[in-house]
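# Structure assessment
Given next are the chains, with one letter for each unit.
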Number of protein chains: 2
Amino acid sequence: MAEISTLGEFGLIDRMTKELPIYNKETRVGVGDDCAILDYSTLTDDEQLVTTDLLMEGVHFDLTYMPLMHLGYKAAQVNFSDIYAMGGMPRQITVSLAISKRFSVEDIDQLYTGIRLACEKHQVDIVGGDTTSSVTGLAISITCIGTIGRGQAIRRNGAKETDLICVSGDLGAAYMGLQLLEREKYVFNETNEQPDFAGREYLLERQLRPEARRDIILRLRELGIRPTAMMDISDGLSSELKHICRQSGVGCRIYEERLPLDYQTAVMAEELNMNVTTCALNGGEDYELLFTVPIADHEKVEQMDGVRLIGHITKPELGLALITRDGTEFELQAQGWQAFEEKK
Amino acid sequence: MAEISTLGEFGLIDRMTKELPIYNKETRVGVGDDCAILDYSTLTDDEQLVTTDLLMEGVHFDLTYMPLMHLGYKAAQVNFSDIYAMGGMPRQITVSLAISKRFSVEDIDQLYTGIRLACEKHQVDIVGGDTTSSVTGLAISITCIGTIGRGQAIRRNGAKETDLICVSGDLGAAYMGLQLLEREKYVFNETNEQPDFAGREYLLERQLRPEARRDIILRLRELGIRPTAMMDISDGLSSELKHICRQSGVGCRIYEERLPLDYQTAVMAEELNMNVTTCALNGGEDYELLFTVPIADHEKVEQMDGVRLIGHITKPELGLALITRDGTEFELQAQGWQAFEEKK
């Protein structure tokens, strides 16, 4: 393993950015100068979307069980997810890394390989960044620029009474994956016993290798569905629903029996003695899309594979409620859920 | 002092982003959704520039002597400086912060006040960001988008033989400011003696409150001067000259007697028993502009206040050299300078 100091900052940057592919025509100059040069004025019908995320070791990831390649992949995907959450397409990213001495050149290769892989899948150009040292852990900051047709961006504030609430994929699995990894880390530390993840692969994949839902955006366009509000689910369904309802000035009803759950999520919750509905509502890191559509689009939405209708938008006076299987109404902002969020 | 946990992540974001001014018409939607929305297609003659910086506590700044307001101001300015270094104008930034528990709400207010002040001065919109916790120190990641006329960006690779090499402002003062602060911190720790900075204010200002050279870019435009290559001086004159010469495939001669030095820089170097030329060449953090112009622009450049002609571009075979006051030629890549750089 080579120490990073053998390459130096500029050597490391050269190594990471060698032969970076360029997928998008508006990327004129990528890495290698004070700035990247983009030409968005050629895309005359588009606006630009900008989003950014900062991931800190010990807060957002634990390298004991997070392979660096997966970390790079995930760091890029969470940014793409924010662009898709407005209905847009990601086009460029900048990648900044703060690296402590305990990382080797090969470690950074791994991290960068994951980032490049995600970019290849989503046709995104790496156009710049910053590489620096850190006295403690690893920090990764990615900024993503995307495009969206002018006036077409789907905001959080457009949900209307009677709109249907939809969710892609399933919920809570990434959180269950995290719980599983944390448990096995604890067991390993105490007993030196190797973890056995057989039958739990889906949970690990959801935690370690999320995939931003480009496919859902493309499908919505194909079907001519324009959501009235949309967000990606990074902090948990409850939290995102609160944002949409607050910014749209509406209330909502969602139904426990409609929440999309994977079988492994349910089994794992049972095993950990946790309420699976709570996990689905507050787990976080699902990177699925939460969106609302006019009731007229009901049939079109029903055609979409992997999209579940979970409830509807109401008058603001009705608040935010979950209807349980036995018909009981729970306020989504109830203390129980909040306490859970803080424990996370 | 209020703890950040009393506000929570969203409360803190609301507080920081309250009544953010928007200076630029292409900024359609700023903070508050998954992404900011920009409309650059309306600026039909422009391209976009993108740059990013990640600042880590303990590496880039020491909060023992760096007030948080200054830190915020500087963090924004270093990004603006990269945009000016291509000849462009900064327009939008995103600001990501990772904050540990030892910071109060008021601390973050201070930091953000500095960022907003820099943005006001340079007419830049804060359009997004990410706020998260950190288990260790403070991390600040800023990404800046700017504009430049199509095809007008000044790269590092355009310097030609016989071009004149110019530098704005003066060099080495920021580094002397850092040395002074480090010394006084040491003295204070050992003896509890309060530092006395009388007569050294300029050095402190250069270290703590750098100002990106928008004025130089505007003046170059006024005079119709188009540099053939340009960079900002963040890592030191030697390092930046090496980038320009390598990417342009040329050599250079610069003259020790031409290096712009402030009186306080010279006095401080003397006091610290350091070679002032070495400080000017390798000090870093000056955030001045280094640029080359065709020899035909000689007279125009001479008209510019605060710009000094320090040498000229040569054939590549001649290498990179400093001509000392007594006429001796030193290779800029000589071991001596490199060793110095590593000590930094």
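Note: the structure precedes this text.
Residues numbered from 1 in each chain as written. Chains lettered and ligands numbered in written order. Predicted model: local features only at pLDDT ≥ 70, side-chain atom pairs only at ≥ 80, totals over all residues. Heavy atoms only, no water.

## Concerning the interface of chain B and chain A
At the interface, 61 residues of chain B touch 61 residues of chain A. When the two sides are added together, the surface that chain B and chain A hide from each other amounts to roughly 4800 Å², 53% of it contributed by carbon and sulfur. For the pair chain B and chain A, the interface holds 10 salt bridges. Across the pair Arg28 of chain A and Glu47 of chain B runs a salt bridge whose closest N-O atoms are separated by 3.5 Å. Where chain B meets chain A, there are 27 residue pairs in polar contact (both at pLDDT 80 or more). Per-class residue counts for the side of chain B that touches chain A are 24 nonpolar, 20 polar and 17 charged. (Contact = heavy atoms within 4.5 Å. Buried area = accessible area lost by both parts, 1.4 Å probe. Salt bridge = Lys/Arg side-chain N within 4 Å of Asp/Glu carboxyl O. Polar contact = N/O pair within 3.5 Å; in protein donor to acceptor, adjacent residues only side chain to side chain. Nonpolar A, V, L, I, M, F, W, Y, C, P; charged D, E, K, R; others polar.)

## Focus: the sheet that holds strand β7 (residues 164-168) of chain A
Residues and elements named next belong to chain A. With mixed pairing, the seven strands of this open sheet are ordered in space as β8-β10-β7-β11-β9-β12-β13. Looking at strand neighbours, the two that pair on one side only are β8 (229-232) and β13 (329-331), the edges of this open sheet. Going from strand to strand, the sheet's axes swing by 25° on average, the running direction of each strand aside. Sheet analysis places β7 next to strand β11 (residues 307-314), joined by five bridges and oriented antiparallel. Residue pairing across strands places Cys166 opposite Leu309, the latter belonging to β11. On the sheet, helix α7 (residues 237-248) packs against β7, β8, β9 (251-255), β10 (289-293), β11 and β12 (320-323) and is oriented at approximately 150° with respect to β8. (Pairing = 2+ DSSP bridges. Helix = DSSP H or I, 4+ residues; strand = E, 2+ residues; numbered from the N terminus. Axes fitted to C-alpha atoms, helices over the stretch in contact; angles between N-to-C directions.)

## Things to note about the sheet that holds strand β2 (residues 36-38) of chain B
If you trace the six strands from one edge of the open sheet to the other, you get β5(A)-β4(A)-β6(A)-β3(A)-β2(B)-β1(B), paired in mixed fashion. The two strands at the open ends of the sheet, each matched to only one other strand, are β5 (125-133) of chain A together with β1 (27-29) of chain B. Neighbour-to-neighbour, the strand axes of the sheet open up by a mean angle of 20°, direction not taken into account. When strand β4 (residues 89-99) of chain A meets strand β6 (residues 139-149) of chain A, the two strands line up antiparallel, connected through nine bridges. Looking at β6 of chain A, one finds that Met89 of chain A is bridged to Thr147 of chain A.

## Observations regarding the environment of Pro227 of chain A
With respect to the helices and strands, Pro227 of chain A occurs in the loop between α6 (214-223) and β8. Other than its neighbours up to four places away in sequence, Pro227 of chain A contacts Ile154, Leu220, Phe291, Thr292 and Val293 of chain A.

## Some words on the relation of the copies chain B and chain A
Expressed as a screw operation, the relation of chain B to chain A combines 0.0 Å of axial shift with a rotation of 180°, fitting to an RMSD of 0.0 Å. The superposition operator between the copies reduces to a two-fold rotation axis. Minimal C-alpha separation from the rotation axis in chain B is found for Ser41 of chain B, amounting to 2.0 Å. The residues that chain B uses at the interface reappear at the interface of chain A in 100% of cases, marking a shared surface. (Least-squares fit on C-alpha atoms with pLDDT ≥ 70 in both.)

## A few points about helix α3 (residues 105-122) of chain A
Residues and elements named next belong to chain A. Here α3 is 18 residues long and its end C-alpha atoms lie 26 Å apart, about the 26 Å a rise of 1.5 Å per residue gives. Listing the buried residues of α3 in full gives Val105, Asp107, Ile108, Leu111, Tyr112, Gly114, Ile115, Ala118, Cys119 and His122. Buried residues along α3 sit against α1 (8-16), α2 (68-84), β4, β5, β6 and α6. Just beyond α3, the residue with positive phi is Gln123, at close to 55°. (Expected span 1.5 Å × (residues − 1). Buried < 20%, exposed > 50% of the residue type's maximum accessible area, 1.4 Å probe, protein only.)

## A word on the environment of Ala296 of chain A
As for its position among the elements, Ala296 of chain A is in the loop between β10 and α10 (298-302). Considering only alpha carbons, one finds Ala296 of chain A and Met1 of chain A, 295 residues apart in sequence, at a separation of 60 Å.

## Side note on the pattern of salt bridges
For the structure shown, the criterion picks out 46 salt bridges over all chains. The shortest N-O distance in the salt bridge between Arg213 of chain B and Asp215 of chain B comes to 2.9 Å. One salt-bridge network, in which partners are shared between bridges, spans Arg28 and Asp39 of chain A together with Glu47 and Arg150 of chain B.

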